[in-house]
Amino acid sequence: MRQERTRTLGTGDDDRGQAFTLEGLVGAILILTALWYAMQVVIITPTTGGTVDPAVRADLRQQADDTLMVASQSERERLSTLVRNWSQQSRTFAGAVNPDVGYGTQRIPGPFGDLLVDTFATRGRLYNVEMSYLESNPSNGTGTVTIASQGTPSESAVVATHRVVLYDNMTLTSPSAGAAELWEYDTHPTRNPGNKSGYYPVPNAVDGPVYNVLEVRLIVW
């Protein structure tokens with residue numbers, strides 16, 4: 001009787017041991033699955049410097065293109081309004097932080113800024129916005145002005161561009177701007193500090209009624 005009882009207890013211990021082993025195996029599988037899923041999430045994290053899935057980048061590029069297109073057709077304030085929102089006093093855009101970062105992480109004014117926040121910032125994306133313009137001397141190529149810089153783009157960043165045409169008879173749109181037309185501004189702030197119209201970095205580089213052709217560049221990552 002004593003030997004039989006001992007054998008029965010031994011069988012129960014084996015069953016419990018097998019159950020513990022099975023539970024451990026299931027737990028290990030769950031942990032490995034969670035780790036695998038986490039690695040997949042890291043790959044498409046906006047601020048990750050690694051390679052992003054091509055489909056994710058294609059979708060991000062399309063969003064950037066759409067954002068510029070919608071902003072350029074806004075009935076309230078188009079991109080042309082933004083690129084002329086220049087402050088004579090701060091030598092950068094009105095309300096911006098400084099000439100180096102432009103608006104930085106602050107909201108860019110107007111519908112374009114609203115679109116950037118709703119489409120990218122609220123989803124953890126970073127972006128830079130800049131505008132390039134034709135130099136008055138064609139051999140000098142183009143110049144660039146920072147509208148908003150939020151950092152150094154990662155290798156997975158996407159770029160979207162949109163052209164904006166400025167005309168001679170346009171005026172600046174900042175609150176402190178006067179009635180002077182674009183052709184009256186000086187593009188060299190130290191050459192003629194007494195210029196009554198002030199300084200605007202974009203020069204009159206095109207003959208006829210066109211003042212300059214700008215390219216607004218949106219970099220998102």
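Just above, that's the structure.
Let us look at the structure shown here.

**Examining the sheet that holds strand E5 (residues 158–167)**
In spatial order, the strands read E4-E3-E6-E5; together these 4 strands make up an open sheet with antiparallel pairing. Since the sheet does not close on itself, it has two edges, and those belong to strand E4 (142–148) and E5, each with one partner. Going from strand to strand, the sheet's axes swing by 25 degrees on average, the running direction of each strand aside. Relative to E4, strand E3 (residues 127–134) runs antiparallel, the two being bridged by 6 bridges. The residue of E4 that forms the bridge with valine 129 is alanine 148. Sheet strands in contact with helix H2 (residues 54–72) are E5 and strand E6 (210–220), and its direction is about 15 degrees off that of E5.

**Things to note about unusual backbone geometry**
Located in the positive-phi region is arginine 91, a residue other than glycine, with phi close to 55 degrees. Here arginine 91 shows up in the loop between strand E1 (86–87) and strand E2 (92–93).

**A look at the pattern of salt bridges**
Applying the stated criterion to the full structure yields 3 salt bridges. Of the charged contacts, one joins arginine 217 and glutamate 215 as a salt bridge, the two residues approaching to 3.0 Å between their closest N and O atoms. On the basis of relative accessible area, glutamate 215 is assigned to the partly exposed category, the value being 23%. Shared partners join several salt bridges into a network, and the residues in it are Glu130, Glu215 and Arg217.

**Observations regarding the packing of aromatic side chains**
Following the criterion strictly, the structure yields 4 aromatic pairs and no others. Aromatic side chains tryptophan 86 and tyrosine 199 sit 6.1 Å apart centroid to centroid with 75 degrees between the ring planes, which places their arrangement in the edge-to-face category. Of this pair, tryptophan 86 sits in strand E1 while tyrosine 199 sits in the loop between E5 and E6, and the two are 113 residues apart along the sequence. An identical accessibility class is assigned to tryptophan 86 and tyrosine 199; each is buried.

Conventions and cut-offs
Residues numbered from 1 in each chain as written. Predicted model: local features only at pLDDT ≥ 70, side-chain atom pairs only at ≥ 80, totals over all residues. Heavy atoms only, no water. Pairing = 2+ DSSP bridges. Helix = DSSP H or I, 4+ residues; strand = E, 2+ residues; numbered from the N terminus. Axes fitted to C-alpha atoms, helices over the stretch in contact; angles between N-to-C directions. Contact = heavy atoms within 4.5 Å. Salt bridge = Lys/Arg side-chain N within 4 Å of Asp/Glu carboxyl O. Buried < 20%, exposed > 50% of the residue type's maximum accessible area, 1.4 Å probe, protein only. Phe/Tyr/Trp six-rings, centres within 6.5 Å; stacked < 30°, edge-to-face > 60°.

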